[in-house]
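Topology and contacts: notes
Spelled out from the first residue to the last, the chains are:
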Amino acid sequence: MKILLFAMRVKHKKFFLNLKKESPDSFDIVHTRDVLSISLKGYKDIKKVNFTSAVDFGIEEFIVKTNLKIPKVLLSFYFNKMAILTYFRYYRLIDEKYDYILLWNGGKYRQRIAIEIARIKKVKPLFYENGLLPNRMVLDRKGINFENSVPRNRAFFEAYKNLQELPQTLIPRKAKNREKFQETAEKLPENFIFVPFQVDSDTQIITNSDWIKNMRMLFSLIEKLSLSCDYNFVLKEHPSSSQNYLDLHKKSKSLKSISFANGYPTQELIEKSLAVITINSTVGIESLLFKKRVMVLGDAFYTIDGITKGISSYEMLLDTLENLDSWKFEEQLVENFLKYLYYDYLIPNDENIYKNFFKFIQGEL
């Protein structure tokens, strides 16, 4: 079995170099930054390629990251041309001799193009990423996050049995802008709902969030909620976000029941909250560890009957909050779900990570 390790960043290449040591003959590594030449052999297959999803993602990601007001017709022209160039570059890298191609996430602009080529050449994709619970990684043949292969039916988790313990300590993310996460923490309000922000340019928001497209929309939703219910809402920015929300911080100070708490650890905010509202963040899963009721606004694989509540409108969210006291938390079902993730689905990210990863790859194949 031959597997192509497809690195698009230096950190991917470093991971793959260590993984390859587990079975040198099984893996070949390519770092896309090291290969800039193209293969015109791709002309014969280019009509089989659907560039639409890649181009659409590229446009949305560009708009979010730059805030530039460039007409979409011009962005579409640019990203279409770049997609074709990327196609010819990757066409020579993804060879039919490989049975599988392993790549990070799979939902970004260039990754989508690589997957299209792999599909044409009948090379099966495998996807990996960090998360979803402490000291774990993901490996999945279907996809990451909402596209993954975790069962979605309640009955599966009702029948699942596992007597092992779950972790009770989260691992804090390193912040890009440390200053705003070291600010003096004001006292938390009573009876608050925790609302974690996400990264606007992440696939979770661009691809898997239909009605809340960015954190300013999320803030507006919470502001509207605050005028109709008696709860306080505590928000926290995502440590990996490069967005500036000074305007929202300023606005929150004029609102009685909304505040930011960047200075508090996420675990403490979860534990002290009454419930959590998330678009589709990993924080939603982490909140289940601490037996919190979770409302999910976007597409998430953990929106499963009895585990979390999927919310598709403001009215539905308001109704859920107004009836929060009647929401019975199904502790055993949630525990079964988390144990399945932790012990059966995810890969231990410890000192044996590369052996663990190779073992799981062998299991997948």
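What you are looking at is a predicted structure, and each value in this text was computed from that prediction instead of being measured.

Analysis parameters
Residues numbered from 1 in each chain as written. Predicted model: local features only at pLDDT ≥ 70, side-chain atom pairs only at ≥ 80, totals over all residues. Heavy atoms only, no water. Pairing = 2+ DSSP bridges. Helix = DSSP H or I, 4+ residues; strand = E, 2+ residues; numbered from the N terminus. Contact = heavy atoms within 4.5 Å. Axes fitted to C-alpha atoms, helices over the stretch in contact; angles between N-to-C directions. Parallel < 35°, antiparallel > 145°, perpendicular 65-115°, else oblique. Left-handed = near helix turned anticlockwise from the far one by under 90°. Phe/Tyr/Trp six-rings, centres within 6.5 Å; stacked < 30°, edge-to-face > 60°. Buried < 20%, exposed > 50% of the residue type's maximum accessible area, 1.4 Å probe, protein only. Nonpolar A, V, L, I, M, F, W, Y, C, P; charged D, E, K, R; others polar. Right-handed = clockwise from strand over helix to strand, strands pointing away. Arc of directions from axis to C-beta. Expected span 1.5 Å × (residues − 1).

Re the sheet that holds strand S6 (residues 192-196)
Taken in spatial order, the six strands line up as S8-S7-S6-S9-S10-S11 in an open sheet, and their pairing is parallel. Two strands in the sheet have a free side with no partner beyond their single neighbour: strand S8 (258-260) and strand S11 (309-310). Strands S6, strand S9 (275-278) and strand S10 (293-296) of the sheet are contacted by helix H10 (residues 282-289), whose axis makes an angle of about 165 degrees with S10. Contacts from helix H11 (residues 314-322) reach S6, strand S7 (232-236), S9, S10 and S11 within the one sheet, and its direction differs from that of S10 by about 170 degrees.

A word on the packing of H10 against helix H12 (residues 331-345)
Following both chains from N to C, one finds H10 and H12 inclined at 120 degrees, their axes separated by 9 Å at the closest point. Classified by the interaxial angle, the pair formed by H10 and H12 is oblique. Judged by the twist between their axes, the crossing of H10 over H12 is left-handed. Residues Ile285, Leu288 and Leu289 of H10 lie in contact with H12, whose contacting residues are Val334, Phe337, Leu338 and Leu341.

Things to note about the packing of aromatic side chains
If you walk through the whole model with that rule in mind, you get 27 aromatic pairs. Residues Phe27 and Phe358 carry aromatic rings whose centres are separated by 5.8 Å and whose planes lie at 75 degrees to one another, so their mutual orientation is edge-to-face. One end of the pair, Phe27, is in strand S2 (residues 27-31); the other, Phe358, is in helix H13 (residues 353-364), and 331 residues separate them in sequence. Like Phe358, Phe27 is buried.

So, the packing of helix H2 (residues 52-66) against helix H4 (residues 109-120)
Following both chains from N to C, one finds H2 and H4 inclined at 175 degrees, their axes separated by 8 Å at the closest point. The angle between H2 and H4 places the two elements in the roughly antiparallel class. Contacts between H2 and H4 involve Ser53, Ala54, Val55, Phe57 and Gly58 from the former and Tyr109, Arg112 and Ile113 from the latter. In terms of residue class, the contact of H2 with H4 is built from five nonpolar, two polar and one charged.

Here we look at the pairing of strand S1 (residues 3-7)
Within S1, five of the five residues are buried, leaving the element largely enclosed by the surrounding structure. Neither face of S1 is open: one carries Ile3, Leu5 and Ala7, the other Leu4 and Phe6, and all of them are buried. Relative to S2, S1 runs parallel, the two being bridged by five bridges. Of the residues in S2, the one forming a bridge with Ala7 is His31. Note on the crossover from S1 through helix H1 (residues 10-20) to S2: the handedness is right-handed. Strand direction decides the pairing type here: S1 and strand S3 (residues 100-104), joined by three bridges, are parallel. Bridged to Leu5 within S3 is Leu102.

Digging into H11
Residues of H11 that are buried include every one of Tyr314, Leu317, Leu318, Thr320 and Leu321, and no others. Here the buried residues of H11 occupy an arc of 160 degrees about the axis, which is enough to place them on one side. Exposed residues lying more than 90 degrees from the buried face of H11 are Glu315 and Glu322. Contacts made by the buried residues of H11 are with S6, helix H7 (215-226), S7, S9, S10 and S11.

A look at H2
Its 15 residues give H2 an end-to-end C-alpha distance of 21 Å, which sits within 8% of 21 Å, the value for a rise of 1.5 Å per residue. All of the buried residues in H2 are Ala54, Val55, Phe57, Gly58, Ile59, Glu61 and Val64. Contact partners of the buried residues in H2: helix H3 (72-91), H4 and helix H6 (203-206). The positive-phi residue at the C-terminal boundary of H2 is Asn67, with phi of around 60 degrees.

In short, shape yes, function no, at least from these values alone.
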